[in-house]
Amino acid sequence: MPSGKFNYRLVIFLIAIIFGVGMSMPTFLQSEKGAKIALGLDLQGGLHMLLGVKTEEAIKSKVKSIASSIKFFAQSNDIIIDDFRLDEEVLSFTLLDKDEEKKIDEMLKTVSGLHVQKEALRYSLNLTDQEKTIIKEYAISQAVETIRNRLDQFGLAEPNVAKQGSDKILVELPGIKTAEDEQRARELIAKAAHLQLMAVDEKKRDRANSMSPTEAAQYGDVILSDARGDNIRHILKEIPIIDGSMLTDAKVAFSDMHQPVINFTLNSEGAKIFGDFTANNIGNRLAIVLDNKVYSDPVIRERIGGGSGQISGGFSVKEAHDVAIALRSGALLAPVTLLEKRSVGPSLGADSIQASSIALISGFILIVGFLIVYYHMAGVFASFALLVNFLLLIAIMALFGATLTLPGMAGIVLSLGMAVDANVIITERIRELLRQGVAIRQSVEKGYENAMSAIVDGNLTLAVSSVILYVYGTGPIKGFAISMLIGNLISMLTAILGTHGMYEALMSYIEKNHSINFWFGMKKRGH
C-alpha cells in the first residue's frame, strides 16, 4: 500500500474538510449569504394549525365538472338536451332526440363511478358510494399537496404539512413571528382558489338584485356577489364553462392603469372550449369568478383564442401575488377550515437549543477526552475525524436546505456515536494485531480490513432503519431519519477513509518512531 505523505484517501479527506468547513460556516455564523440550516418549529417557534377538510364540497364540485363535460359534449355534437338541472349531488337532463341516445350513453360510460338512471329520455345521474369515498380521500391528499406547494412558493422554509387521522391536516410553519405574516399564511392556506368562467344569464341580468337564490335555481342559475361588494350581484348560469382544473399558469402583471392584475393561461382543452364559447356568444357577457366572487364580466366582442385571460379586481401587489400562487398551486377540491391554532413561542425553542447544545458539547468533550487518554494519537485521529464528520453533516444538511428539529439533533448525536464506534473497532483491531507481534504497517492495514465487516454491518442496519423511518414517518421523524442517514454515510467516509489516509501519510514516521504507546496507547507489544 502507498506510504507517501499524500495518498488518495488523504486527498479525498482534505477535500471533504474544505467542503465541510466552507459550507457549514454560514450556519454557525448565521451570515446573510450561503446555504444555512433552518430551525424547525420546536427550535425557533412559529405557528401550529390543525385544519379540517369539507370533503362533501369536493363531491359537489365533481358533479358540477361532469355537468360541464356533458354540456360541452352535447354542444360539440349538436345534441339537443333540455331541462338541464343540478340539484346538490344529482344531475338531470332530458334528451330531445332519441336518435342521439346512443351517443350520450357512450359518453356517460367514459365517466368513472357514475350511476345512471333513465326514464324514457330523462336522465338522472349521481356518483356511486365507492366513487364518493375515492373523491373524499383524494380531496384530502390533494389539499395536503396543494397547501405544501403554496407555502413553498410563499417562501417559508420547510413547512410541515401532513395528513393527520382520516380527515384532518396538520400544518406547522416555523419562523412565523408577526401577526401580518400569520394572517397572510392563513389566508393563503384557506383560499380555495376556485377559478370559474361562467356565462351571464342575459335574459335575467336586470333581475339580479330582486331575484332570490331559490328562484334563480329554478332557471338553472346562481346568484353571486361582486368582488367590490356584496351589494352588487350577478346572475349567472350555474354550470360553469371552464373551471380552474384547466388552468396551467397564473402570473402577476400590471394593467394600463398600472394596477396589479393576474394573467392566466388555460390548457389546450380549456383553450378550445373557451374559444368555441366566445365565438358562439359574441355580444354576451362572460363572468370571471374566483372563489364565488365575480371579479369582472366583460362583453365578448370577438372570438378569444389562445386560451388566456385576465383577472382584475383592485388587488394590492401582495394580494395579487398570493392569488397567483394559489391559482398556480391548483384549487382546493374541498374548502378547509381552521380547527385549532397555536403559536409556539421562541422561548421553548431557545430552551431546547440551549439544553441540546450543552448535551452535544459536553458529550463531544467527554468522548474526545476518553479517546485521547485511552488511545493517545489514534484517539486524536479519531477525534479529528469525528469533528470533520460533524462539519460535513452540517454542511450537507445546509446544502439541501434541511430543517433542524429536536429529533434531528438526536439523529446527529446518534450518527456521531456510530462514527466513534467505528474508530474504536478499527483501533482495537490494530491493537490486537500489534499484541500478536505483527509489524505496525501490516497491523494498520489488516486492522482496517478486519474491522470492515463489523462497521459495514452496523452502518447498513442503521441506514435501513433510517430509510424506513423516512418513508413511513412524518414531520420530526423524517428529520430524525434524514440526519441519522446522512451522518451514517459520512461516518463511513471520515472514520474509514479519513483516519486510514492519516495513518498512511505518517506511516514512515510511525515506523521510525516505533513508540506503540504514543501512537496506539499500548505500553508493550507482544511477540
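Residues numbered from 1 in each chain as written. Predicted model: local features only at pLDDT ≥ 70, side-chain atom pairs only at ≥ 80, totals over all residues. Heavy atoms only, no water.

Student: Help me get a handle on the packing of helix α12 (residues 406–435) against helix α13 (residues 440–472), residues and values and all.
Tutor: Packing of α12 against α13 brings their axes to within 7 Å, and their N-to-C directions diverge by 145 degrees. Here α12 runs over α13; the crossing is right-handed. For the contact of α12 with α13, the per-class residue count stands at 15 nonpolar, five polar and two charged. (Axes fitted to C-alpha atoms, helices over the stretch in contact; angles between N-to-C directions. Helix = DSSP H or I, 4+ residues; strand = E, 2+ residues; numbered from the N terminus. Left-handed = near helix turned anticlockwise from the far one by under 90°. Nonpolar A, V, L, I, M, F, W, Y, C, P; charged D, E, K, R; others polar.)

Student: Report on the sheet that holds strand β15 (residues 286–290), specifying residues and quantitative values.
Tutor: As summarised here, the arrangement of the six strands in space is β11-β10-β16-β15-β9-β12, forming an open sheet in which the pairing is mixed. Either end of the sheet is taken by a strand with one partner, and the two such strands are β11 (229–237) and β12 (242–243). Pairing between β15 and strand β16 (residues 293–296): three bridges, direction antiparallel. When the sheet's bridge partners are listed, Val289 is paired in β16 with Val294. (Pairing = 2+ DSSP bridges.)

Student: I'd like a description of the sheet that holds strand β17 (residues 308–311), backed by residues and values.
Tutor: Here three strands make up an open sheet; going across it, the order is β13-β14-β17 and the pairing antiparallel. The sheet terminates laterally at β13 (247–254) and β17, the two strands that pair on one side only. Neighbour to neighbour, the strand axes of the sheet diverge by 25 degrees on average, direction disregarded. In the sheet, strand β14 (residues 260–266) pairs with β17 via four bridges, with the strands oriented antiparallel. In the strand pairing of β17, Phe264 is matched with Gly309.

Student: I'd like to hear about helix α8 (residues 268–280), residue by residue, with values.
Tutor: When the terminal C-alpha atoms of α8 are compared, their 18 Å separation across 13 residues agrees well with the 18 Å that a helix rising 1.5 Å per residue should span. The set of residues buried in α8 consists of Gly270, Ala271, Ile273, Phe274, Gly275, Phe277 and Thr278. (Expected span 1.5 Å × (residues − 1). Buried < 20%, exposed > 50% of the residue type's maximum accessible area, 1.4 Å probe, protein only.)

Student: Explain the side chain of Arg431 to me, and be specific about the residues and the numbers.
Tutor: Within the fold, Arg431 resides in helix α12. Classification of Arg431 as buried rests on a relative accessible area of 5%. If sequence neighbours within four positions are ignored, Arg431 has contacts with Tyr374, Tyr375, Phe520, Gly521 and Met522. (Contact = heavy atoms within 4.5 Å.)

Student: I'd like a rundown of the nonpolar core, residues and numbers included.
Tutor: Ranked by size, the top nonpolar core spans 50 residues in total, and within it Met397, Ile430, Ile440, Val444, Tyr503 and Phe520 carry the most contacts. Taken together, the elements giving at least two residues each to this core come down to α1 (8–29), α10 (346–375), α11 (377–399), α12, α13, α14 (476–513) and α15 (516–520). Residue contributions to this core peak at 12 residues, all from α11. Counting residues in hydrophobic clusters, the runner-up holds 45 residues, among them Leu47, Leu127, Ile169 and Ile176. (Core = buried A, V, L, I, M, F, W, Y, C linked by side-chain atoms within 4.5 Å.)

Student: I'd like to hear about the packing of α11 against α12, residue by residue, with values.
Tutor: Running from N to C, α11 and α12 point in directions that differ by 150 degrees, and their axes come no closer than 10 Å. Accordingly, the angle class assigned to the pair α11 and α12 is roughly antiparallel. In the crossing of α11 with α12, the sense of the turn from one axis to the other is right-handed. Residues Ala378, Ala382, Ala385, Leu386, Asn389, Phe390, Leu393 and Met397 of α11 pack against Ile412, Ser415, Leu416, Ala419, Val420, Asn423 and Thr427 of α12. (Parallel < 35°, antiparallel > 145°, perpendicular 65-115°, else oblique.)

Student: Lay out the packing of aromatic side chains in plain terms, naming residues and giving numbers.
Tutor: This structure, assessed with the given rule, holds 12 aromatic pairs. Judged by centre distance (5.0 Å) and plane angle (70 degrees), the ring pair of Phe381 and Tyr503 falls under edge-to-face. Linking Phe381 in helix α11 with Tyr503 in helix α14, this pair joins segments that are 122 residues apart in sequence. Here Phe381 falls in the buried class, since its relative accessible area comes to 6%. Since its relative accessible area comes to 2%, Tyr503 is described here as buried. (Phe/Tyr/Trp six-rings, centres within 6.5 Å; stacked < 30°, edge-to-face > 60°.)

Student: Lay out the pairing of strand β3 (residues 81–87) in plain terms, naming residues and giving numbers.
Tutor: Looking at chain direction, β3 and strand β4 (residues 90–95) are connected through five bridges and run antiparallel. Residue Asp82 lies in a different strand from β4, and its bridge partner there is Thr94. Linkage of β3 to β4, two consecutive antiparallel strands, is achieved through a turn of two residues, within which Glu88 is found at a positive phi near 55 degrees.

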